[in-house]
Amino acid sequence: MDIFFQNVVAGFETGSLYALAALGLVLIFRTSDVVNFAQGEMAMFSSFVALKVLQQNVPYYAAFLGAVLFAVFFGFIIERLFMRPAMKASQVSKMIITLGLIMIIGGVASSVFGIDTYSFPKAVTASNINIRGVIIQPNAIFIISLTLLIMAVLFYIMQKTMLGISIRATAQNENTARLMGIPVKKVYSLSWILAAVLGAIAGVLIAPTTDISTTMMMEVHLKSFIAAVLGGFGSFVGPVVGGFMIGVLDNLVGYYISLTWKTVIVYILLIIILIVKPTGLFGKVYRKKV
Amino acid sequence: MNILRVENLSISFGGLKAVDDLSFTVKENSIYGLIGPNGAGKTTVFNCISRFYTPDKGKIVFVQSTENGLRLEHQLTKYKVHEVISKGLTRTFQNVELFKHMTVEENLITGLHSKLKAGFVRSGFFTSSVKKEEDTAREKARDILAFLGLKGIEKQYAASQPYGIQKLIELGRALISKPKLIILDEPAAGMNPKETASLGALIRSIRDTYGVTILLVEHDMSLVMDICEKICVINFGKKIAEGTPVEIQRNTAVQEAYLGKEEQNA
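Report follows, based on the coordinates. Since this is a predicted model, take the numbers as computed values, not measurements. Note on numbering: residues in each chain are counted from 1, in written sequence order. In the order they appear in the text, chains get letters beginning with A and ligands get numbers beginning with 1. Side-chain atom pairs in this predicted model are given and counted only at pLDDT of 80 or more, local residue features only at pLDDT of at least 70, and totals for whole chains, interfaces and linings cover all residues. Just so you know, side-chain values use all the structure's heavy atoms and leave hydrogens and water out.

Attention now moves to the overall build of chain B. Going along the chain from the N terminus, every DSSP run of H or I of four or more residues is numbered as a helix, and every run of E of two or more is numbered as a strand. In terms of regular secondary structure, chain B is built from 9 helices and 10 strands. For 266 residues, the compact-globule formula gives about 18 Å, and the C-alpha radius of gyration of chain B, at 19 Å, lands near that figure. Taking the principal axes of the C-alpha coordinates as reference, chain B spans close to 75 × 40 × 40 Å. We call two residues in contact when some of their heavy atoms are within 4.5 Å. Counting only contacts in chain B whose residues sit at least 6 apart along the sequence, the fraction spanning at least 24 positions is 67%. As displayed, chain B has an accessible area near 12,400 Å², and 51% of this comes from carbon and sulfur atoms. Taken together, the 35 basic and 31 acidic charged side chains of chain B have centroids lying 5 Å from each other. As defined in this context, the radius of gyration uses C-alpha atoms, and a globule is described by 2.2 Å times the residue total to the power 0.38. Here, Shrake-Rupley sampling with a 1.4 Å probe gives the accessible areas, and only protein chains in the shown set may cover a residue. Note that His is not counted, nor are the chain ends; the positive residues are Lys and Arg, and the negative ones are Asp and Glu. Charge positions are represented by NZ for Lys, CZ for Arg, CG for Asp and CD for Glu.

Residues and elements named next belong to chain A. At a minimum axis separation of 8 Å, helix α1 (residues 2–32) and helix α9 (residues 218–231) run at an interaxial angle of 65°. It follows that α1 is roughly perpendicular to α9 by the angle criterion. By crossing handedness, the relation of α1 to α9 is classed as right-handed. Across the interface between the two elements, Leu17, Tyr18, Ala21, Ala22, Leu25 and Val26 from α1 touch Glu219, Val220, His221, Lys223, Ser224, Phe225, Ala227 and Ala228 from α9. Between N-to-C directions, angles cover 0 to 180 degrees, with each direction set by a line fitted to C-alpha atoms, over the stretch in contact for helices. For classification purposes, angles smaller than 35 degrees are called roughly parallel, those larger than 145 roughly antiparallel, those between 65 and 115 roughly perpendicular, and all remaining angles oblique. Here is the rule for handedness: rotate from the far helix to the near one, and if that takes an anticlockwise turn smaller than a right angle the crossing is left-handed, while a clockwise turn gives right-handed.

This brings us to the sheet that holds strand β5 (residues 71–75) of chain B. All names here are of chain B. The antiparallel open sheet is built from 4 strands, whose spatial order is β2-β1-β4-β5. Since the sheet does not close on itself, it has two edges, and those belong to β2 (16–27) and β5, each with one partner. Each strand of the sheet is rotated relative to its neighbour by a mean of 20°, with strand direction disregarded. In this scheme, strands are said to pair when DSSP sees at least two bridges between them. Here 5 bridges tie strand β4 (residues 57–65) to β5, and the two strands are oriented antiparallel to one another. If you follow valine 61 over to β5, its bridge partner there is glutamine 75. Lying on the sheet, helix α1 (residues 42–49) is in contact with β1 (2–13), β2 and β4; it crosses β1 at an angle near 115°.

Bringing the pattern of salt bridges into the picture now. Residue and element names in this part refer to chain B. When a carboxyl oxygen of Asp or Glu lies within 4 Å of a side-chain nitrogen of Lys or Arg, that pair is called a salt bridge. A full pass over the atoms with the stated rule returns 19 salt bridges over all chains. Ionic pairing is found between aspartate 20 and lysine 17, a salt bridge with its closest N-O pair at 3.6 Å. Only protein chains enter the accessibility calculation, which uses a 1.4 Å probe. A residue is then buried if its area is under 20% of the maximum for its type, exposed if over 50%, and partly exposed in between. Take aspartate 20: its relative accessible area is 17%, and that puts it in the buried class. By sharing partners, the salt bridges in this structure join Glu105, Arg138, Arg142 and Lys155 into a single network.

Attention now goes to empty space enclosed by the protein. Residues and elements named next belong to chain A. The method works on a 1 Å grid over the protein atoms by themselves. A cavity is a set of points holding a 1.4 Å probe that cannot get out, a pocket is an open set with protein on both sides within 12 Å along at least five of seven lines, and residues with an atom within 4 Å of a point line them. Grid points are joined across faces, edges and corners, and a volume is the space filled by probe spheres set on the points. Counted under the stated rule, the structure contains 2 cavities of 30 Å³ or more. Within this model, the largest cavity holds a volume of roughly 100 Å³. Forming the boundary of the largest cavity are Ser32, Val34, Glu79, Met83, Arg84, Met87, Lys94, Tyr188 and Trp192. Of all the secondary structure elements, the ones that give two or more residues to the lining of the largest cavity are α3 (60–83) and α8 (184–210). When residues are grouped by polarity, Ala, Val, Leu, Ile, Met, Phe, Trp, Tyr, Cys and Pro land in nonpolar, Asp, Glu, Lys and Arg in charged, and all others, Gly among them, in polar. Taken together, the residues of the lining of the largest cavity sort by class into 5 nonpolar, 1 polar and 3 charged.

Each aromatic pair joins two rings of Phe, Tyr and Trp (for Trp, the six-membered one) with centres within 6.5 Å, and gets the label stacked for planes under 30 degrees apart, edge-to-face for over 60, and tilted for any other angle. In this structure the tally under the stated criterion is 18 aromatic pairs over all chains. Clustering of aromatic rings is evident, with ring pairs tying together Phe45(A), Phe48(A), Phe70(A), Phe73(A), Phe74(A), Phe113(A) and Tyr118(A).

Exposure above 30% relative accessible area and the lack of any salt bridge qualify a residue for a patch; like charges then connect within 9 Å, and the nonpolar side chains Val, Leu, Ile, Met, Phe, Trp and Tyr within 5 Å. Residues Trp261(A), Val264(A), Ile268(A), Leu269(A), Ile271(A), Ile272(A), Ile275(A) and Val276(A) make up a contiguous nonpolar surface patch of roughly 810 Å² in combined accessible area. By the element assignment, Ile275(A) lies in helix α11 (residues 262–276).

Turning next to the nonpolar core. Nonpolar cores are built from buried Ala, Val, Leu, Ile, Met, Phe, Trp, Tyr and Cys residues. Side-chain atoms within 4.5 Å join them into one set. By size, the foremost hydrophobic cluster in this structure holds 131 residues, and its most contacted members are Phe120(A), Ile201(A), Leu205(A) and Leu216(B). The element that contributes the greatest number of residues to this core is α8(A), accounting for 16 residues. Excluding residues that lie within four positions of it along the chain, Leu205(A) makes contacts with Leu17(A), Leu20(A), Tyr60(A), Phe64(A), Ala123(A), Phe142(A), Ile143(A) and Leu146(A). Grouped together as the second largest cluster of nonpolar side chains are 28 residues, Ala40(B), Phe46(B), Phe62(B) and Leu181(B) included.

Written out as structure tokens, the structure is:
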């Protein structure tokens, strides 16, 4: 039983990183109906910035903060430079732009930061807690609670505040939103900034596990997509639950069934879930009147 | 006193002159109708006023009465779509344009963004002033819904409402920003005669209760003749007649535009 719980805890830890990355995806999707394929690359770039700051012999939290501040700037620039000129373009064209961003950001990263792999410290380095044989790292607790907190704040802002209403209104009907006096350009700008920040947080937190390199986010990014699809792109709770599920299932299947086949088995499970519930676990079905 | 002056407005799409040298003025606190056969350019005029289109030529002047009795003249062509509402001008659409996956109450609240004191980004924070503003917003939304006779559907999704109710919700969303001029694009479209009659009464009571001027485009002649004080008829983008409902009904140019020319030797 200890081993089971150990796997579950580890699953929650990696799962929350998938969830953080997925929240960024969902945020952009909900404001502009665009799937940002470059979310992982943006996170990677911000993680490198954290590394560079840390190399200046500053404390960990300063590096963390540095990455977040950079992400604010980064998200703003990307929206202004690449997305805004294409505001009138179709959804598909915008997604192709984000695909192009993968190459641009990846290329710039390898020329600026090089192709080496660097290790990165954990956020919390206190000694492990042992609860009846299950060893829990304080770092894991930190990551999981941070994810839940961010999810809760995003959920609250989107559902309860005027800002949330304007973001949702922009997503659903841009022209009418403008007519109602909502500054839609600011909404887009803000959502890219927030998504970049969420990506940066995910990147910095996962760096101790994956190490920092230009390819560090490959797997996380893919899994965060699946987390978002599984939980439903329409909500903020969904991707977090989806992320946790993938993390936990990955670990359990890997331990009890087969390490080599774990990814395949997990994805088969996910496909089955999506067959039963095509809009994702938390996706809402709106009945349209015809 | 005029609230809206459209002067020599022209716009063309490719080779087609959708609006051709059109001028009309709307008096404050009146109900003004813009009518014409299909494709006459009515909605295009509306889209120019609400700034979705920029006219090739001409002026659109909106007169805003401020609280201290001043009258400000705004050249609407200088403003962007999202700025027009803060001057006191808002509209509804021919095909209902609600935020379908939001509740009725939230739909109305979107109309209040132009009035936000907290600023756009700050409205996402949890300060007490923001909270207060949100509470008053919800209260206002409830008041308007009560006025429209839509009490009790605040928390339901807009998309789940019947068409007639959706049109009223859109009207409520236009009203909540306390506009001086509301532009209604075919408010009676898709309504039965009974609903149309009660809509006419509602439009009048909106004008009287909220002190707004109403400019409407409508195909339903019974509604137009019933509630409009002045009517402008356009055809192929040009004004062919202007006057009271009685004058318009007698106007031969209008009859020709709608029914075709009578053949002389027939």
